[in-house]
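Read off the chains here:
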2 protein chains.
Amino acid sequence: MNFDDKVPIYYQIKTVIYDRIIAGELAPGEKLPAVRQLAVSLTVNVNTVQRALREMIEEGVVTSQRGRGNFVTTDTNVIETLRQDLITRNLKQLYERLHRLNIDDQEIINELVTYIERRARQNESNGKN
Amino acid sequence: MNFDDKVPIYYQIKTVIYDRIIAGELAPGEKLPAVRQLAVSLTVNVNTVQRALREMIEEGVVTSQRGRGNFVTTDTNVIETLRQDLITRNLKQLYERLHRLNIDDQEIINELVTYIERRARQNESNGKN
DNA sequence: TATAGTGTAATAGGAAGCTAATACACTAGG
DNA sequence: CCTAGTGTATTAGCTTCCTATTACACTATA
């Protein structure tokens, strides 16, 4: 994987797994890949994967069954809460950062719209070739 | 200061100083606070401040004059580039994250607008009391 | 020219994160 | 019962970040 060297790897692993759960790619109750398998596919040590799992288990998003595997919680409320928190946290992060740069509310929205439009155009022209 | 324990402190210091430069609170050519002063006000070691400054100097945003102080570059192009990069980087970060959560373009914009509106309402009701 | 204010460098020590390696505990299935 | 697949724990060693401390280099000015 492509890790940001400014953030602990175990934390980034937690992030990508949470993202997959929230996106529905890992359904409630579904079995996660085995820790050793995850370690290989992420090119990372088993202990690092375990560190990420430990926190996900503590937070009730994953349940662990020794000898069987790790499973996504079946409690959809937990997942929905996670989803909302994550969205809000990311919006807040963008908002406060741009605000510190003296960019006001309307400008922040404009910047995002422009960014998305530019991106759409670029995808389009890439698709043509 | 209030540091995020997931990101190196020196990197966060760089961030806040860049933000102040971009926001215009630190004008081109202006003298930065002395390293020892910064260390005290950030409750951090001088070497940590120096580490942040070293990178800002390497990137041409700050110039250093031994015995005199550190100064914001007078090259406004550098600052403008910094500003644009920073905005784009943050928009990209939000966009790609929400996209990974299966939220499409229009929804991303809606989420941001809603967030800003909610925030405005809360500020208003706080102001009343 | 002395002194206060500034940047810079270097050392030592501690904490956190990561890797590597090994071992142990439990489950499912032949 | 044995074995393969799984989670968990422990130890040792390395690197990065941070702190504390001391020292040195340069500038401005009284």
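Because the structure is predicted, anything quoted here is derived from the model rather than measured.

Some remarks on the overall build of chain A
Along chain A, the regular secondary structure elements total five helices and two strands. Of the regular secondary structure in chain A, the N- to C-terminal order runs α-α-α-β-β-α-α. Taking 129 residues into account, the globule formula puts the C-alpha radius of gyration at 14 Å, and chain A, at 18 Å, lies well above it. Counting only C-alpha atoms, chain A reaches 55 × 35 × 30 Å along its principal axes.

What about the protein's contact with DNA strand C?
With respect to spatial proximity, 25 residues lie near DNA strand C, and among them Ile9, Thr48 and Arg66 of chain A together with Arg36 and Gln50 of chain B are the closest. Backbone atoms, meaning sugar and phosphate, make up 66% of the atoms of DNA strand C lying within 4 Å of the protein. At 2.7 Å from a phosphate oxygen of DNA strand C is found a main-chain nitrogen or oxygen belonging to Val35 of chain B. Between Arg36 of chain B and DNA strand C, the recorded distance is 2.7 Å, taken from a side-chain N or O atom to a base oxygen. If you list the elements that add at least two residues to the surface near DNA strand C, you get helix 1 (9-22) and helix 3 (46-58) of chain A together with helix 2 (35-42), helix 3 (46-58), strand 1 (62-65) and strand 2 (69-72) of chain B. If you tally residues by element for the surface near DNA strand C, the top one is helix 3 of chain A, at three residues. Grouping the constituent residues of the surface near DNA strand C by class yields six nonpolar, eleven polar and eight charged.

Regarding the nonpolar core
Core analysis: the largest hydrophobic core is formed by 70 residues, its most contacted members being Ile21, Val49 and Leu112 of chain A together with Ile17, Ile21, Ile108 and Leu112 of chain B. When near neighbours in sequence (up to four residues on either side) are disregarded, Ile17 of chain B contacts Leu26, Leu38 and Met56 of chain B.

Focus on the pairing of strand 2 of chain B
Residues of strand 2 of chain B alternate between two faces, with Gly69 and Phe71 of chain B on one and Asn70 and Val72 of chain B on the opposite face, all of them buried. Joining the antiparallel neighbours strand 1 of chain B and strand 2 of chain B is a turn of three residues, in which Gly67 of chain B adopts a positive phi near 85 degrees.

Points about the relation of the copies chain B and chain A
Taken as rigid bodies, chain B and chain A are interconverted by a rotation of 180 degrees and an axial shift of 0.0 Å, the fit giving an RMSD of 0.0 Å. Such a combination of turn and shift is consistent with a two-fold rotation axis. The rotation axis passes nearest to the C-alpha of Val7 of chain B in chain B, at a distance of 2.8 Å. When the interface residues of chain B are mapped onto chain A, 100% of them again fall at the interface, so both copies present the same face.

Some words on the domain arrangement of chain A
All names here are of chain A. Taken domain by domain, chain A consists of domain 1 (9-74) and domain 2 (77-128). Of the roughly 620 Å² buried at the junction of domain 1 and domain 2 (both faces included), carbon and sulfur atoms supply 84%. When residues of domain 1 are sorted by the area they lose upon contact with domain 2, Ile22, Val61 and Thr73 head the list and together hold 57% of the total. Between domain 1 and domain 2 we count zero salt bridges in total. One can count zero residue pairs in polar contact (both at pLDDT 80 or more) joining domain 1 with domain 2. The greatest single-element share of the side of domain 1 that touches domain 2, amounting to four residues, is contributed by helix 1. Considered class by class, the residues forming the side of domain 1 that touches domain 2 number six nonpolar, two polar and one charged.

Some words on the protein's contact with DNA strand D
Around DNA strand D sit 25 residues in total, of which Val35 and Gln50 of chain A together with Ile9, Thr48 and Arg66 of chain B are the nearest. Among the atoms of DNA strand D lying within 4 Å of the protein, the sugar-phosphate backbone contributes 67%. Gln50 of chain A places a side-chain nitrogen or oxygen 2.6 Å from a phosphate oxygen of DNA strand D. In this structure, a phosphate oxygen belonging to DNA strand D sits 3.3 Å away from a side-chain N or O atom of Arg51 of chain B. If you list the elements that add at least two residues to the surface near DNA strand D, you get helix 2 (35-42), helix 3, strand 1 (62-65) and strand 2 (69-72) of chain A together with helix 1 (9-22) and helix 3 of chain B.

Concerning the environment of Leu32 of chain B
Residues and elements named next belong to chain B. Looking at the secondary structure, you find Leu32 in the loop between helix 1 and helix 2. Classification of Leu32 as buried rests on a relative accessible area of 4%. Expressed as a C-alpha distance, the spacing of Leu32 and Ile17, which sit 15 residues apart in the sequence, is 9.2 Å. Residues within four places of Leu32 in sequence aside, it is in contact with Leu26, Leu53, Val62, Asn70, Phe71 and Val72.

Here we look at the side chain of Lys14 of chain A
Summarising the element assignment, Lys14 of chain A is placed in helix 1. Among residues more than four places away in sequence, those in contact with Lys14 of chain A are Ala52, Glu55, Met56 and Glu59 of chain A.

Definitions and cut-offs
Residues numbered from 1 in each chain as written. Chains lettered and ligands numbered in written order. Predicted model: local features only at pLDDT ≥ 70, side-chain atom pairs only at ≥ 80, totals over all residues. Heavy atoms only, no water. Helix = DSSP H or I, 4+ residues; strand = E, 2+ residues; numbered from the N terminus. Rg over C-alpha atoms; globule rule 2.2 N^0.38 Å. Near = heavy atom within 4 Å. Polar contact = N/O pair within 3.5 Å; in protein donor to acceptor, adjacent residues only side chain to side chain. Nonpolar A, V, L, I, M, F, W, Y, C, P; charged D, E, K, R; others polar. Core = buried A, V, L, I, M, F, W, Y, C linked by side-chain atoms within 4.5 Å. Buried < 20%, exposed > 50% of the residue type's maximum accessible area, 1.4 Å probe, protein only. Contact = heavy atoms within 4.5 Å. Pairing = 2+ DSSP bridges. Least-squares fit on C-alpha atoms with pLDDT ≥ 70 in both. Domains from an automatic or database assignment. Buried area = accessible area lost by both parts, 1.4 Å probe. Salt bridge = Lys/Arg side-chain N within 4 Å of Asp/Glu carboxyl O.

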